[in-house]
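# Residue-level structure breakdown
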Amino acid sequence: MDTAAKERVKEALRAQALSENRAVGSDAAAERSAAEIDTSSPIEPDDLSHSDEEGEFVELFEGVEAHQKDLLAAIDALDVSVTDTVRPGAIVAYGGDHYVVGVASSSFDSDGVSYEGIAPGSPVFDAIQGLHQGDSFTFRGTEHVLDLVV
């Protein structure tokens, strides 16, 4: 796998994050709308209660939106040049699964291969950081071998 192929993986990862960000943004907009009180008609006690509840959801969604923006920034900052050492920006494979090191992400596809993200500081990142293709590591009591590091 060369740098161009890794760039395609990075773009697919970014597209996945953007898609999730749009979905969260849409949900947040709906919650904001639900939290608004219609002042053109009499306000009932239930209206205030529902508005307060919806307002709490708005705050939650805004926190998720901020996290998604941070995730996009982290993806953009990944150095996906070819490497032989596990570090942020590396692509690794073990146990038949492929991963992008440097950000947590749900599953996404690129060039017919399914990937997930591994966040820095996660237990699996701590177990593989600095290793090379062919090195073994133990994670959750199971020994694995790195089949790919690029």
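Residues numbered from 1 in each chain as written. Predicted model: local features only at pLDDT ≥ 70, side-chain atom pairs only at ≥ 80, totals over all residues. Heavy atoms only, no water.

All right, on to the overall build of the protein chain then. A tally of helices and strands in the protein chain yields three helices and seven strands. Its helices and strands taken in sequence order, the protein chain reads α-α-β-β-β-β-α-β-β-β from the N to the C terminus. The 150 residues of the protein chain split such that 36% are buried. Once local pairs closer than 6 in sequence are excluded, the contacts in the protein chain between residues at least 24 apart make up 54%. By element, 50% of the accessible surface of the protein chain is carried by carbon and sulfur atoms, the whole surface being about 8,300 Å². (Helix = DSSP H or I, 4+ residues; strand = E, 2+ residues; numbered from the N terminus. Buried < 20%, exposed > 50% of the residue type's maximum accessible area, 1.4 Å probe, protein only. Contact = heavy atoms within 4.5 Å. Areas by Shrake-Rupley, 256 points an atom, 1.4 Å probe, with all protein chains shown as cover.)

Scanning the model with the defined rule gives three salt bridges in all. For aspartate 76, the salt bridge identified is with arginine 14, shortest N-O distance 2.6 Å. Taken together, the positions of aspartate 76 in helix H2 (residues 45-77) and arginine 14 in helix H1 (residues 3-35) put the pair 62 residues apart, joining distant regions of the chain. Taking the relative accessible area as the measure of exposure, aspartate 76 reaches 41% and is therefore partly exposed. The class of arginine 14 is partly exposed, set by a relative accessible area of 22%. (Salt bridge = Lys/Arg side-chain N within 4 Å of Asp/Glu carboxyl O.)

A separate point is the side chain of lysine 6. Position of lysine 6 relative to the elements: it lies in helix H1. Nearest to the buried, unbridged lysine 6 among oppositely charged side chains is aspartate 79, at 6.8 Å. Within polar-contact distance, the side chain of lysine 6 engages the backbone oxygen of serine 81 at 3.0 Å. Contacts of lysine 6, omitting those with residues within four sequence positions, involve Met1, Val80, Ser81, Val82, Thr83, Gly89, Ala90, Ile91 and Val150. (Lys, Arg positive; Asp, Glu negative; His and termini not counted. Polar contact = N/O pair within 3.5 Å; in protein donor to acceptor, adjacent residues only side chain to side chain.)

Among the secondary structure elements, glutamine 68 is positioned in helix H2. Accessibility expressed as a relative area gives 7% for glutamine 68, which makes it buried. Non-local contacts of glutamine 68, meaning those with residues more than four positions away in its chain, are made with Ala17, Glu20 and Asn21.

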